[in-house]
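If you want the building blocks of each chain, they are given just below.
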Amino acid sequence: MTGRPFCRRCLLADMPSQAELAKSIRELIALLPPEQRAGDDIAAARLARCRECEHLVDGMCALCGCYVELRAAKARMICPDVPGRW
Ligand code: SF4
């Protein structure tokens, strides 16, 4: 990773900017082993559902606390709200 490291235990006051955070999440997705990845088409379809969801807040799912772009990129993840949504 380059720039300011992403810390999972930061307070909000210590968190990087949205652009830095988005970059860090893209880097984490890139580091996922191929067998743990959902695939680009599946991730895009999941994120399309997230975009329409009332639980999406600032890139995070308010139900599970995950950054949805990272959650959607992982093969074995599911939506915590409606079974079968994704
Ligand atoms: S993971 Fe599910 S509940 Fe969370 S924002 Fe996406 S669609 Fe909504």
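Bear in mind the structure is a predicted one, so any value in this text is a computation, not a measurement.

What counts and what doesn't
Residues numbered from 1 in each chain as written. Predicted model: local features only at pLDDT ≥ 70, side-chain atom pairs only at ≥ 80, totals over all residues. Helix = DSSP H or I, 4+ residues; strand = E, 2+ residues; numbered from the N terminus. Buried ≥ 20, exposed ≤ 12 C-beta atoms within 10 Å, placed from the backbone. Near = placed C-beta within 6 Å. Nonpolar A, V, L, I, M, F, W, Y, C, P; charged D, E, K, R; others polar.

Undergrad: Lay out unusual backbone geometry with the relevant residues and their values.
TA: The phi torsion at Asp58 lies on the positive side, around 50 degrees, for a residue other than glycine. Tracing the sequence through the fold places Asp58 in the loop between strand S1 (56-57) and strand S2 (60-61). Note on Asp58: 8 C-beta atoms within 10 Å, which makes it exposed.

Undergrad: Quick one: what's the story with the site of the ligand, residue by residue and with numbers?
TA: Taken together, the neighbourhood of the ligand is formed by Arg49, Cys50, Cys53, His55, Leu56, Cys61, Leu63, Val68, Cys79, Pro80, Asp81 and Arg85. Class assignment of the residues belonging to the shell around the ligand gives a composition of eight nonpolar, one polar and three charged.

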